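In case you want the letters, here they are:
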Amino acid sequence: MIYNSYMILGVDEAGRGPWAGPLVVGAVVLGGAEIEGLTDSKKLTKKRREALEVKILEKAAGYGLGWVSASELDEVGMSAALVIATKRAVEQISVPYHEIIIDGTINFLKGTSKGRYVTTMPKADLLIPSVSAASILAKVARDRYMTEQDALYPGYKFGSHAGYGTAAHRAAIEELGVTPLHRLSFAPLRKYAVEP
């Protein structure tokens, strides 16, 4: 299946799995811009992702990032958070497009005026350049944000694990407790939630 990438709005998320930090959804219309090396952000090195981010921001016809904080995610749950973050990202796109391709199997815009333009596609971040670009923007922005949190919350090493439940992160939580960045609705952290 060959897609004309010219007018596709690609959508992908970063940060669904971590125990801490925001959920970020990227949305990109390349608009005919050809950027070599676009693929699933997880298959790229940090250095390569950052180099591609510069090119995407320079060449894409339109892009947006939708953020949902850990506390907002805890309040509404992951499914609703993905819908909110997707809407926030897509609302920032002001250039025309004729189709929205969302990585995965769920149409997060269902029930909105844009829902009928959506195609869901597993592995779209590997197959569709604008979705790859969205994946890269979301991942780089989120990783950068988590690195910045190192200064605010020393000892957690958010810059090295980006909030994922690594052994080092688990050890830091046991020693230091949780921060406002932690997702207390996630099963491993529920014991830290204070009941109202």
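Parameters at a glance
Residues numbered from 1 in each chain as written. Predicted model: local features only at pLDDT ≥ 70, side-chain atom pairs only at ≥ 80, totals over all residues. Heavy atoms only, no water. Pairing = 2+ DSSP bridges. Helix = DSSP H or I, 4+ residues; strand = E, 2+ residues; numbered from the N terminus. Axes fitted to C-alpha atoms, helices over the stretch in contact; angles between N-to-C directions. 1 Å grid on protein atoms, 1.4 Å probe; cavity = no way out; pocket = protein on both sides within 12 Å on 5 of 7 lines; lining within 4 Å. Points joined across faces, edges and corners; volume = space filled by probe spheres on them. Nonpolar A, V, L, I, M, F, W, Y, C, P; charged D, E, K, R; others polar. Core = buried A, V, L, I, M, F, W, Y, C linked by side-chain atoms within 4.5 Å. Buried < 20%, exposed > 50% of the residue type's maximum accessible area, 1.4 Å probe, protein only. Contact = heavy atoms within 4.5 Å.

1. Some thoughts on the sheet that holds strand β1 (residues 8–14)
With respect to topology, five strands assemble into an open sheet ordered β3-β2-β1-β4-β5, the strand pairing being mixed. Two strands close off the open sheet at either side, each with one partner strand: β3 (62–68) and β5 (118–121). The mean inter-strand angle of the sheet, taken between neighbouring strand axes irrespective of direction, is 20°. Sheet analysis places β1 next to strand β4 (residues 99–103), joined by four bridges and oriented parallel.

2. Observations regarding the layout of surface pockets
Of the volumes computed, that of the largest pocket is approximately 200 Å³. Lining the largest pocket we find 16 residues, and of these Glu13, Ala14, Gly15, Lys42 and Tyr164 sit closest to its centre. Taken together, the residues of the lining of the largest pocket sort by class into three nonpolar, four polar and nine charged.

3. A closer look at the nonpolar core
Where a protein is soluble and globular, its nonpolar side chains tend to be buried together. Formed by 23 residues in total, the largest nonpolar core has its most connected members in Leu9, Val11, Leu23, Ala27, Ile100 and Ile102. Residue assignment for this core shows that the elements contributing at least two residues are β1, β2 (23–29), α3 (78–90) and β4. Among the elements that line this core, the one with the most residues is α3, at five residues. Other than its neighbours up to four places away in sequence, Ile102 contacts Val11, Asn107, Phe108, Leu109, Val118, Thr119, Thr120 and Met121. Listed in part, the 13 residues of the second largest apolar core include Val28, Leu30, Leu38 and Leu44.

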